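Single-letter residue listing:
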Amino acid sequence: MNAINLVIGAALFLVLAYRFYGAFLKAKAITIDESRLTPAVRLNDNRDYVPTNKWIVLGHHFAAIAGAGPLIGPVLAAQFGYLPGTLWILIGAVAAGAVHDVIILFASVRHDGLSLAEIAKREIGPFSGVITSFAIILILIVAMAGLALAVVNALYNSPWGTFTVGITIPIAIFIGIYIRYLRPNKIGEATVLGVALVILGVVLGPFIQNSSFAHYLTFNREQLTILLASYGFLAAILPVWLLLAPRDYLSTYMKIGTILIIALGVIIVHPMIQMPAVTDFVHGHGPIIHGKVWPFMFITIACGAISGFHSLIGSGTTPKMITNEKDIFPIGFGGMLIESFVSLMALIAATHLYPSDYYAINTTPEVFSKLDHSIRTVKELPALSQMVGENVAGRPGGAVSLAVGMTSIFSKIPFFKFLASYWYHFAIMFEALFILTTIDAGTRVGRYILQEMGGHFYKPLKNIHWWPGVILTGGFISFAWGFLVYGGSVSTIWPLFGTANQLLATMALAIGTSFLIRHGKAKYIWVTLIPLIFLAVTTITAGIENITDDYYPKGMYLLTGISCFIIMMVLAMLIDSAIRWKIMLSEKS
């Protein structure tokens, strides 16, 4: 199949969905009040609550929600073929993901930008509030570990990649200072300058790699894990305008620009999709994902269709930056549809590779050697490794195969092949940039939630301006997910990440349903209730199979325990929600 058919079809589908289904939700399910002061305006503290230009907020929000999930998830799910992933990415994003995102964002803005747990407490009750708090902390730690792992696998022993990603941190700090003090509100100038500096970081990459101090930027997996956790800690405690917002904003330009370039490359090259529409692994026993297409594809693609992590951003950093309620819809609903398109482009890049090359990259040599001979004979892998300047075999996690697939498409454009090494490392940087934006925003959200929870036991902790509390909670979250990454792998963390992430989305949809009922929109609760039921059944099934069918490696009792605990908390929260819905509906009737 020619990839251009998918690109054009997906773009048309998403535009029509925004225009019609999105307009329906905006008119019926949520009621925007442009005259109502937002939390960013009323509670402005110049650190967490900061009225921010809507384009910067969109950039931050999109960069924070579109981390590794829409890039890595579809690449790993390509094991099942291109058709199952394509259908879920498009239908799931419109019917579930975008609805989930915009309603939670709207609810948080109406609740002073408070966290999902606090919204649950107010909309459902104290019991669900407590359960949601503990579930969010656990899920957040697992999610950060799963996302960070992709960066570690992409950047270890790669001074070029480490430099190009690392240099974005001081660039972001400079741009934050530039917008706030040097040239206030000159967004256009800052954008051009910031993007130019980031691109310069890519151009300087090969000189760094071949320089005498390249060894200072060559790290193993354990060292990179410590560095990433340290970055997450700093991003969680520094003022949002200094690092988080400008870095996310610049990253969004890089990501959207890159995806548009890939789409253009597909249009020019007309690449064929080499992966079958459906593979034999839909029945299970795959080398990357061990379970069947249902339910495991739905937890693997994760952020590309619906993601519970989005509810943490939509009730964390984003609602504290929105200046006017009219910006909620394009940021919440529109941001998810853009992410869906990104996911499809990632799927195309992965399925453009020959299946044997795809499996050789995404499995360890031991696993690959045990595959059937028909899919074990590599075709273009040696040439691809030579073209990008690195051995790409045996680098599981999805990030490398995505970068190789993107590079393969562009190398077919006349005169572009000699730039293949640059493009590969640019693609690695582009992926790592967005994973880091999820890590920094997620760690900060975790800090907020821990402070809210801790404030019930020690009142000063609830004060987000109390520096000892900020440092303590930010440090705890960073250490916790860093610990999981330090001793984990793709096969141990990603299944738990996918399950936990989608269970969080289930909880968020339950909270959104309660919000609609309480605020007089009971006749429209089907927009959240239908995806809630599907997601709950699918994800709980996946979680149980992970445990009972030994999909977790032997001895991983920590992961098994976390899975059991999260599933029990979600079931308890859903029962509590159903009881509350019955009471509220009876009161309204």
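Up top is the structure.
As the structure is a prediction and not an experimental result, all values here were calculated from the model.

Caption draft 1: Representation of the overall build of the protein within the structure. In terms of regular secondary structure, the protein is built from 25 helices and zero strands. Computed over C-alpha atoms, the radius of gyration of the protein comes to 22 Å, within 12% of the 25 Å expected from 2.2 N^0.38 for 589 residues, which places it in the range of a compact globule. Based on the C-alpha atoms only, the size of the protein along its principal axes is roughly 65 × 55 × 45 Å. Counting over 589 residues, the protein shows a buried share of 64%.

Caption draft 2: Quick peek at the packing of aromatic side chains. Evaluation of the coordinates by the stated rule reveals 16 aromatic pairs. Note on Y18 and F333: the rings are 6.0 Å apart at their centroids and 50° apart in plane angle, and the pair reads as tilted. Linking Y18 in helix α1 (residues 3–28) with F333 in helix α16 (residues 328–351), this pair joins segments that are 315 residues apart in sequence. With relative accessibility at 32%, the residue Y18 sits in the partly exposed group. Taken together, the ring pairs connect Y21, F24, Y524 and W526 into an aromatic cluster. Sitting above the plane of the F20 ring, R19 keeps its charged end 5.2 Å from the centroid. Across from the ring centre of Y448, 4.5 Å away, lies the NZ or CZ of K320, which sits over that ring.

Caption draft 3: A look at the pattern of salt bridges. Following the criterion strictly, the structure yields seven salt bridges and no others. Here E189 ties to R183 by a salt bridge, and the two come within 2.6 Å at their closest N and O atoms.

Caption draft 4: Region of interest: the packing of helix α3 (residues 54–65) against α16. The N-to-C vectors of α3 and α16 enclose an angle of 45°; their axes lie 10 Å apart at closest approach. With respect to each other, α3 and α16 are oriented oblique. As for the relative orientation of α3 and α16, their crossing is right-handed in sense. Every residue of α16 that contacts α3 at K54, V57, L58, H61, F62 and I65 is listed here: P330, I331, G332, G335, M336, I338, E339 and V342. Along the lines of polarity and charge, the residues of the contact of α3 with α16 split into nine nonpolar, three polar and two charged.

Caption draft 5: Structural detail: helix α10 (residues 187–203). Taking 1.5 Å as the rise per residue, α10 with 17 residues should run 24 Å; its terminal C-alpha atoms sit 24 Å apart, in good agreement. For α10, the full list of buried residues reads I187, A190, T191, G194, V195, V198, G201 and V202. For α10, the arc enclosing every buried residue in end-on projection is 120°, short of the 170-degree limit, so these residues lie on one face.

Caption draft 6: Structural detail: unusual backbone geometry. P295 follows W294 through a cis peptide bond whose omega is 15°. Within the fold, P295 resides in helix α14 (residues 293–301). Positioned with a positive phi, D112 is a non-glycine residue whose angle comes to about 60°. Here D112 lies in the loop between α5 (82–110) and α6 (116–123). The residue H285 is not glycine, and still its phi comes out positive at about 65°. Its place among the elements puts H285 in the loop between α13 (244–269) and α14.

Caption draft 7: Representation of the environment of W526 in the model. Structurally, the position occupied by W526 is in helix α24 (residues 526–548). Exposure remark for W526: the relative accessible area of 38% places this residue in the partly exposed category. If sequence neighbours within four positions are ignored, W526 has contacts with Y21, F24 and P531.

Cut-offs used in this document
Residues numbered from 1 in each chain as written. Predicted model: local features only at pLDDT ≥ 70, side-chain atom pairs only at ≥ 80, totals over all residues. Heavy atoms only, no water. Helix = DSSP H or I, 4+ residues; strand = E, 2+ residues; numbered from the N terminus. Rg over C-alpha atoms; globule rule 2.2 N^0.38 Å. Buried < 20%, exposed > 50% of the residue type's maximum accessible area, 1.4 Å probe, protein only. Phe/Tyr/Trp six-rings, centres within 6.5 Å; stacked < 30°, edge-to-face > 60°. Lys NZ or Arg CZ within 6 Å of the ring centre and 35° of its normal. Salt bridge = Lys/Arg side-chain N within 4 Å of Asp/Glu carboxyl O. Axes fitted to C-alpha atoms, helices over the stretch in contact; angles between N-to-C directions. Parallel < 35°, antiparallel > 145°, perpendicular 65-115°, else oblique. Left-handed = near helix turned anticlockwise from the far one by under 90°. Contact = heavy atoms within 4.5 Å. Nonpolar A, V, L, I, M, F, W, Y, C, P; charged D, E, K, R; others polar. Expected span 1.5 Å × (residues − 1). Arc of directions from axis to C-beta.

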